[in-house]
There are 2 protein chains.
Amino acid sequence: MTATLIRNIGELTTNVTADSDPCGTLRDAAVLIDGGRIAWVGPDADAEAAVAAHREPTHSDRADAQRGAVEPERDGSRFSGLEVVDAGGRAVIPGFVDSHTHTVFGGDRADEFEARMTGTPYAAGGIRRTVAATRAATDDELRARLAGFAAELRAQGTTTFEVKTGYGLDVETEERLARLAAEVTTEVTFLGAHVVPAEFADDRDAYVDLVCGRMLDACAPHSRWVDVFCERGAFTPDESRRVLEAGIARGLLPRVHGNQLGPGEGVRLAVSTGAASVDHCTYLDDADIAALAASDTVATLLPGVEFSTRQPYPDARRMLDAGVTVALASDCNPGSSFTSSMPLMTALAVREMGMTTAEAVWAATAGGARALRLDDVGAIAPGMRADLVLLDAPTRVHLAYRPGVPLVSRVWKDGLAAA
Amino acid sequence: MTATLIRNIGELTTNVTADSDPCGTLRDAAVLIDGGRIAWVGPDADAEAAVAAHREPTHSDRADAQRGAVEPERDGSRFSGLEVVDAGGRAVIPGFVDSHTHTVFGGDRADEFEARMTGTPYAAGGIRRTVAATRAATDDELRARLAGFAAELRAQGTTTFEVKTGYGLDVETEERLARLAAEVTTEVTFLGAHVVPAEFADDRDAYVDLVCGRMLDACAPHSRWVDVFCERGAFTPDESRRVLEAGIARGLLPRVHGNQLGPGEGVRLAVSTGAASVDHCTYLDDADIAALAASDTVATLLPGVEFSTRQPYPDARRMLDAGVTVALASDCNPGSSFTSSMPLMTALAVREMGMTTAEAVWAATAGGARALRLDDVGAIAPGMRADLVLLDAPTRVHLAYRPGVPLVSRVWKDGLAAA
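From a predicted model like this one, the values you see are computed outputs, not experimental measurements.

What counts and what doesn't
- Residues numbered from 1 in each chain as written.
- Chains lettered and ligands numbered in written order.
- Predicted model: local features only at pLDDT ≥ 70, side-chain atom pairs only at ≥ 80, totals over all residues.
- Heavy atoms only, no water.
- Phe/Tyr/Trp six-rings, centres within 6.5 Å; stacked < 30°, edge-to-face > 60°.
- Helix = DSSP H or I, 4+ residues; strand = E, 2+ residues; numbered from the N terminus.
- Buried < 20%, exposed > 50% of the residue type's maximum accessible area, 1.4 Å probe, protein only.
- Lys NZ or Arg CZ within 6 Å of the ring centre and 35° of its normal.
- Domains from an automatic or database assignment.
- Contact = heavy atoms within 4.5 Å.
- Buried area = accessible area lost by both parts, 1.4 Å probe.
- Salt bridge = Lys/Arg side-chain N within 4 Å of Asp/Glu carboxyl O.
- Least-squares fit on C-alpha atoms with pLDDT ≥ 70 in both.
- Pairing = 2+ DSSP bridges.
- Axes fitted to C-alpha atoms, helices over the stretch in contact; angles between N-to-C directions.

**Digging into the packing of aromatic side chains**
Turning to step 1, where the next piece is worked out: Throughout the structure, instances matching the rule amount to 16 aromatic pairs over all chains.
Turning to step 2, where the next piece is worked out: On the basis of an interplanar angle of 35 degrees and a centroid distance of 5.6 Å, the ring pair of Phe 105 of chain B and Phe 149 of chain B is categorised as tilted. Here the residue Phe 105 of chain B occupies a position in the loop between strand 6 (96-98) and helix 3 (110-117), and Phe 149 of chain B occupies one in helix 5 (residues 139-155), the gap between them amounting to 44 residues.
Turning to step 3, where the next piece is worked out: Owing to a relative accessible area of 1%, Phe 105 of chain B belongs among the buried residues under this scheme.
Turning to step 4, where the next piece is worked out: One cation-aromatic arrangement involves Arg 351 of chain A over Phe 307 of chain B; the distance from NZ or CZ to the ring centre is 5.4 Å.
Turning to step 5, where the next piece is worked out: Sitting above the plane of the Phe 235 of chain B ring, Arg 204 of chain B keeps its charged end 5.9 Å from the centroid.

**Here we look at the domain arrangement of chain A**
Residues and elements named next belong to chain A.
Turning to step 1, where the next piece is worked out: With domains assigned, chain A is organised as domain 1 (1-95 + 379-419) and domain 2 (96-371).
Turning to step 2, where the next piece is worked out: Each of domain 1 and domain 2 was reduced to a C-alpha centroid, and the two centroids are 33 Å apart.
Turning to step 3, where the next piece is worked out: Across the boundary between the two partners, domain 1 contributes 21 residues, which contact 18 residues of domain 2.
Turning to step 4, where the next piece is worked out: Counting the surface lost from both domain 1 and domain 2, the interface buries some 1600 Å², and carbon and sulfur atoms represent 69% of this.
Turning to step 5, where the next piece is worked out: Linking domain 1 to domain 2 there are 0 salt bridges.
Turning to step 6, where the next piece is worked out: Where the side of domain 1 that touches domain 2 is concerned, the elements lending two or more residues are strand 5 (91-94), helix 15 (398-401), strand 16 (408-413) and strand 17 (416-417).
Turning to step 7, where the next piece is worked out: With 4 residues, the single largest contributor to the side of domain 1 that touches domain 2 is strand 16.

**Comments concerning the environment of Val 85 of chain A**
All names here are of chain A.
Turning to step 1, where the next piece is worked out: With respect to the helices and strands, the residue Val 85 is situated in strand 4 (residues 81-86).
Turning to step 2, where the next piece is worked out: Separated by 251 residues in the primary sequence, Val 85 and Ser 336 place their C-alpha atoms 39 Å from one another.
Turning to step 3, where the next piece is worked out: With residues up to four places along the chain from it excluded, the contact list for Val 85 reads Thr 4, Leu 5, Ile 6, Arg 7, Arg 410 and Trp 412.

**Quick word on the environment of Ala 363 of chain A**
Residue and element names in this part refer to chain A.
Turning to step 1, where the next piece is worked out: By secondary structure assignment, the location of Ala 363 is in helix 14 (residues 357-371).
Turning to step 2, where the next piece is worked out: Through-space distance from the C-alpha of Ala 363 to that of Asp 209 is 36 Å; in sequence the pair is 154 residues apart.
Turning to step 3, where the next piece is worked out: Contacts of Ala 363, omitting those with residues within four sequence positions, involve Val 326, Ala 327, Leu 328, Met 355 and Gly 368.

**Section: the relation of the copies chain A and chain B**
Turning to step 1, where the next piece is worked out: Superposing chain A onto chain B takes a rotation of 180 degrees plus a shift of 0.0 Å along the axis, which leaves an RMSD of 0.0 Å. Taken together, these values place the two copies in the relation of a two-fold axis. Minimal C-alpha distance to the rotation axis in chain A is attained by Gly 404 of chain A, lying at 2.5 Å.
Turning to step 2, where the next piece is worked out: Interface residue correspondence from chain A to chain B reaches 100%, placing this contact among same-surface, isologous pairings.

**Examining the sheet that holds strand 8 (residues 163-164) of chain B**
Residues and elements named next belong to chain B.
Turning to step 1, where the next piece is worked out: An order of 8-9-10-11-12-13-14 is seen for the 7 strands of this open sheet, with the pairing classed as parallel. Both edges of this open sheet fall to strand 8 and strand 14 (326-328), since each of them pairs with a single strand only.
Turning to step 2, where the next piece is worked out: Strands in contact with helix 6 (residues 171-182) are strand 8 and strand 9 (188-193); relative to strand 9, the strand with the most contacts, it is inclined by about 165 degrees.
Turning to step 3, where the next piece is worked out: Lying on the sheet, helix 8 (residues 237-249) is in contact with strand 9, strand 10 (225-230) and strand 11 (253-258); it crosses strand 10 at an angle near 175 degrees.

**A look at the pairing of strand 1 (residues 2-13) of chain B**
All names here are of chain B.
Turning to step 1, where the next piece is worked out: Counting buried positions along strand 1 yields 9 of 12 residues, so the element is predominantly enclosed.
Turning to step 2, where the next piece is worked out: Where strand 1 lies against strand 4 (residues 81-86), 6 bridges are found, and the strand directions are parallel. Across the sheet, residue Ala 3 finds its bridge partner in strand 4, namely Leu 82.
Turning to step 3, where the next piece is worked out: Two strands pair when backbone bridges link them, and strand 1 and strand 2 (residues 25-34) are joined in this way by 7 bridges, in the antiparallel orientation. By the bridge assignment, Ile 9 is partnered in strand 2 with Ala 29.
Turning to step 4, where the next piece is worked out: Taken together, the 2 bridges between strand 1 and strand 5 (residues 91-94) define a ladder with parallel strand orientation. The residue bridging Leu 12 from the neighbouring strand is Val 92, located in strand 5.

Pasting the structure below:
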């Protein structure tokens, strides 16, 4: 096993909070990676001593040595080789955690985007076009598409991402989407309750029954999460609660799309079901904010949607000031936000939502981890997964200061650098 | 000489205008590149015939052959090898032409950006900090920085870019900046009249004399353009005219920064001096619009500035509807817009300035070429430089539809693909 030592890190975002700095920033730092996990974090000046300590024989090694049982190739060390990477004074952050994507689908809707941007009205049914294209796609076509998005996410520094179903809306296709998503991530979300499909337009109850019954049965084995789009035009609060409770009864963890297009029950439903996250949160009243602040439910903001639909941005500042935990995610999907760029989400959070760059970077990393209830990603500390991004920039501020510029220089996922 | 044939292009933006389509779009197209220039453009179905025609002996080849003088390796063809690239149905556009950058400087101002975004007032003197850092930098430091920006631009599909001086503001440093810029581009702009430096605060006239005299003498040999920041707080219309006329007398071509922070004389000065471009154009009255529409002066819009300063975006729609030629550029600089991303400029033009994606892509390619008075870049047609970008997307619309995502798959500059 070869370990990796990243030296000469000008600014290290650990997300191990100290005082008022949410990012737990270290300057002139180094990180030792061993066995896919962070082994040590500290001042660069201490890096050689840290490596020596990690190479030192452990108690059991010494006991082995006394018995003459040390294998020659182990040579008293826990790792047999050390790759040293010089960060050149640049910044390192935890890999981005994108807790909200819809990246398993067929086709795209570029024409609909263009029509929206130029103010031309277009016929309804956007999502139904994607459903039709998704149903028509083969497993291999969807798999290739998903692999493309996974590579694209990785190239932009995203080391953990969630994928939702929701473009199948029949049992067979939803099962395919959940199964294919599970090939690329552990964070699979069953979103049969995305919208009511055309064929059930006159019998909503029957569709909710299907979602809570056979569709859930088919998807639960591939999924960790259950989600519902609780919004006027999608699912009512009562329907949404049925879906979440059915999912919970099958062992899935709840999350909610809510309060995107207008005020509603989404946030309160999320909090009352113990959801890990409620996503969008554009239209919140004081009671919503108070409920979020008093809960373990994260508010996940998706500014790519507002960028690509010209809707108002959610007020992150208000939520943060009230003590709400905020995450940022891309919502990558072909309808309302076809970006996968967590760096751009960070820039939009700073430009449009009143977040500092430190708050935005925290929200895009540690915040995403909270929204997915993962305790081993989103921070750089001993024992965490070695998911890190080296930026071509001296500080994380540059993610907002240099919008659109591909600043991701190198990405490690579980300690392995991208090829 | 190896030629290159790009086949199976799903959507080719030629910028050779046909009817109402500013992008001269071809579907299922192919492009033949030979000797660094575009040799042929047409339907993919005709590609093999086009290659054969270009391989056919010329009159002089035939004459040589009759004399028995054909070299075996020429074998009757103009090129000895052919690389075939399959675009896989994806989109190809002309390389971006970024007609406005300030990419030769020392230091950065990330702290100032952060302070501006969080509303904290900061001490004046932003640009003077960059001037101090630039004067303190060695030639090799500036050269390395400039090379980094050149690589960054190229990786994002920019194949032609302009570089301005203006962070030296003394004769020696301005000369260094012009000379170093000329190492990476032919489009060097002398911008000694960027602001009045601190040491001349009490004697503006002496500074303008210096700019028009010894500083111009030192910089003109390395420059093609002369520029001035005609704005309240920078240079008055009279001062600006003196600078432009001095530059013109030295054989430089004029361009102007104007109407960025408020109404003013910038546009009228640009038109009356025959400037190739007037840049920013946020505050225009009807007379400004009419003057631009009746002139050969391009309005170059720089939406990265508005994104990074929260100033109002210029109204591109109004200009286009009045018949003004519009270009897009990055204004890449450490103070007001530290992005080099022409894809993001395209997305912002669509999101914020009322441009269609076709208008935005035209403005970022052909528009930039007009703003630099270059007639061999910004379009894909026989005889033009072979500067092309293959996108990881089926259409150019995706540049706006997928904001922030690095969609540039391959870049050719003068027919050569990036390493």
